[in-house]
Amino acid sequence: MAILLNEEEIAEAVDRLADQIMASGEGPVCIVGIRSRGDEVAERVCNRLAETDRELQYGVLDISLYRDDLEHLKQNPKLQSSEISFPMDGAHVILVDDVLFTGRTIRAALDALTDYGRPQKVELAVLIDRGWRELPIEPTYVGKVLETKRLDRVVVNLQGTDGEDSVILESN
Ligand code: 5GP
Ligand code: MG
């Protein structure tokens, strides 16, 4: 077990995401966090962007029913609802997640988004890219790249969900 990121380093990664998004252009963006923890990362990115004059919407996507590997998931996914209250048609969406691994969650998230309409553009922001993609999906914005082994477990703890900010590596 090793601590990969402490509270300060997580804050720096969030800042990097917000800075990259700010530098990428102007115009309204819809920041959509993927449950769970992606929503908390998205909220923090929104808080940083709210300090600028970028026009913002915030939403939450629950993709537990869209995964193509439901039968492989250890627990039954808990059904929580998505919260998207802005028009999806023509929107510039930035999907936000805590960890990008195989890419299957993002593939499912793209499916889920289309149930709400046809966005003009969808980008991807991840706090941590741990590698090992199984699909042709790459992030547009990255907080931190971590070198991992395929079977490692990257445990992300965030204040709102877990009571503290830390990223821990559990090696197998
Ligand atoms: P993927 O679908 O890209 O394989 O995995 C991404 C999603 O699964 C993320 O939403 C993330 O919450 C979760 N996930 C996959 N691998 C890890 C990991 O090593 N650590 C954590 N914390 N979450 C992971
Ligand atoms: Mg997640």
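Presented here is an overview of the structure given in this document.

Basis of the calculations
- Residues numbered from 1 in each chain as written.
- Chains lettered and ligands numbered in written order.
- Predicted model: local features only at pLDDT ≥ 70, side-chain atom pairs only at ≥ 80, totals over all residues.
- Heavy atoms only, no water.
- Helix = DSSP H or I, 4+ residues; strand = E, 2+ residues; numbered from the N terminus.
- Rg over C-alpha atoms; globule rule 2.2 N^0.38 Å.
- Buried < 20%, exposed > 50% of the residue type's maximum accessible area, 1.4 Å probe, protein only.
- Contact = heavy atoms within 4.5 Å.
- Areas by Shrake-Rupley, 256 points an atom, 1.4 Å probe, with all protein chains shown as cover.
- Phe/Tyr/Trp six-rings, centres within 6.5 Å; stacked < 30°, edge-to-face > 60°.
- Lys NZ or Arg CZ within 6 Å of the ring centre and 35° of its normal.
- Axes fitted to C-alpha atoms, helices over the stretch in contact; angles between N-to-C directions.
- Parallel < 35°, antiparallel > 145°, perpendicular 65-115°, else oblique.
- Left-handed = near helix turned anticlockwise from the far one by under 90°.
- Nonpolar A, V, L, I, M, F, W, Y, C, P; charged D, E, K, R; others polar.
- Core = buried A, V, L, I, M, F, W, Y, C linked by side-chain atoms within 4.5 Å.
- Near = heavy atom within 4 Å.
- Polar contact = N/O pair within 3.5 Å; in protein donor to acceptor, adjacent residues only side chain to side chain.
- Expected span 1.5 Å × (residues − 1).
- Donors = N, O, S within 2.8 Å, 3.2 Å for Na, K, Ca; no water.
- Pairing = 2+ DSSP bridges.
- Right-handed = clockwise from strand over helix to strand, strands pointing away.

**Let's talk about the overall build of the protein chain**
Alright, step 1. Of the regular secondary structure elements, the protein chain holds four helices and eight strands.
Alright, step 2. Secondary structure elements in the protein chain, listed N-terminal to C-terminal, are β-α-β-α-β-β-α-β-β-β-α-β.
Alright, step 3. Taking 2.2 N^0.38 as the reference for a compact globule, 172 residues should give roughly 16 Å; the C-alpha atoms of the protein chain span a radius of gyration of 15 Å, in line with that estimate.
Alright, step 4. With the C-alpha coordinates of the protein chain rotated into their principal frame, the extents come out at 45 × 35 × 30 Å.
Alright, step 5. The buried share of the protein chain, reckoned over its 172 residues, is 46%.
Alright, step 6. In the protein chain, the share of contacts with a sequence separation of at least 24, taken over all contacts with a separation of at least 6, comes to 69%.
Alright, step 7. Surface summary for the protein chain: the accessible area is close to 9300 Å², and the carbon and sulfur share equals 47%.

**Structural notes on the packing of aromatic side chains**
Alright, step 1. A full pass over the atoms with the stated rule returns zero aromatic pairs.
Alright, step 2. Over the ring of Phe101 we find Arg130; its NZ or CZ atom is 3.8 Å from the centre of that ring.

**Concerning the packing of helix 1 (residues 7–23) against helix 2 (residues 38–49)**
Helix packing for two helices is described by the angle between their axes and how far apart those axes are.
Alright, step 1. Running from N to C, helix 1 and helix 2 cross one another at 60°; their axes reach a closest spacing of 9 Å. As judged from the angle between their axes, helix 1 and helix 2 are oblique. The hand of the helix 1/helix 2 crossing is right-handed. For the pair helix 1 and helix 2, contact is made by Ile10, Val14, Asp15, Leu17, Ala18, Asp19, Ile21 and Met22 and by Val41, Arg44, Val45, Arg48 and Leu49, respectively.
Alright, step 2. A class-by-class count of the residues in the contact of helix 1 with helix 2 yields nine nonpolar, no polar and four charged.

**Some details on the nonpolar core**
Alright, step 1. Core analysis: the largest hydrophobic core is formed by 27 residues, its most contacted members being Ile31, Ile94 and Val167.
Alright, step 2. Elements with a minimum of two residues in this core: helix 1, strand 2 (29–34), helix 2, strand 4 (92–100), strand 5 (121–129), strand 7 (153–157) and strand 8 (166–170).
Alright, step 3. In terms of residue count, helix 1 provides more of this core than any other element does, six residues in total.
Alright, step 4. Once residues lying within four places of it in the same chain are set aside, the contact partners of Ile31 are Ala42, Cys46, Leu49, Leu56, Gln57, Tyr58, Gly59, Ile94 and Val96.
Alright, step 5. Grouped together as the second largest cluster of nonpolar side chains are 21 residues, Ile34, Met88, Ala91 and Val93 included.

**Things to note about the site of ligand 1**
Alright, step 1. Among the 13 residues in the neighbourhood of ligand 1, the closest are listed as Asp97, Thr102, Gly103, Thr105 and Val154.
Alright, step 2. Take Gly103: an N or O atom from its main chain is 2.7 Å from an oxygen atom of ligand 1.
Alright, step 3. Protein contacts shield 86% of the accessible area of ligand 1, which totals 490 Å² for the unbound molecule.
Alright, step 4. Every element with two or more residues in the shell around ligand 1 is listed here: strand 4, helix 3 (104–114) and strand 7.
Alright, step 5. Residues that form the shell around ligand 1 fall into these classes: four nonpolar, three polar and six charged.

**Some words on helix 2**
Alright, step 1. In a regular helix each residue adds 1.5 Å, so twelve residues correspond to 16 Å; helix 2 covers 16 Å between its end C-alpha atoms and thus fits that length.
Alright, step 2. Buried residues dominate helix 2, accounting for nine of its twelve residues.
Alright, step 3. When helix 2 is considered as a whole, its buried residues turn out to be Gly38, Asp39, Glu40, Val41, Ala42, Arg44, Val45, Cys46 and Leu49.
Alright, step 4. Buried positions along helix 2 lie against helix 1, strand 2, strand 3 (56–61), strand 4, strand 5 and helix 4 (159–162).

**Considering the coordination of the magnesium ion (ligand 2)**
Alright, step 1. Here the magnesium ion (ligand 2) is held by the protein donor atoms Asp97 (OD) and Asp98 (OD), which lie 2.4 to 2.7 Å from it. You'll find Asp97 and Asp98 in the same group, each marked buried.

**Thoughts on the pairing of strand 3**
Each regular strand shows side chains that alternate between the opposite faces of the sheet.
Alright, step 1. With six bridges joining them, strand 2 and strand 3 adopt parallel strand pairing. Across the sheet, Val32 pairs through a bridge with Gly59, a residue of strand 3.
Alright, step 2. The parallel pair strand 2 and strand 3, bridged by helix 2, forms a crossover whose chirality is right-handed.

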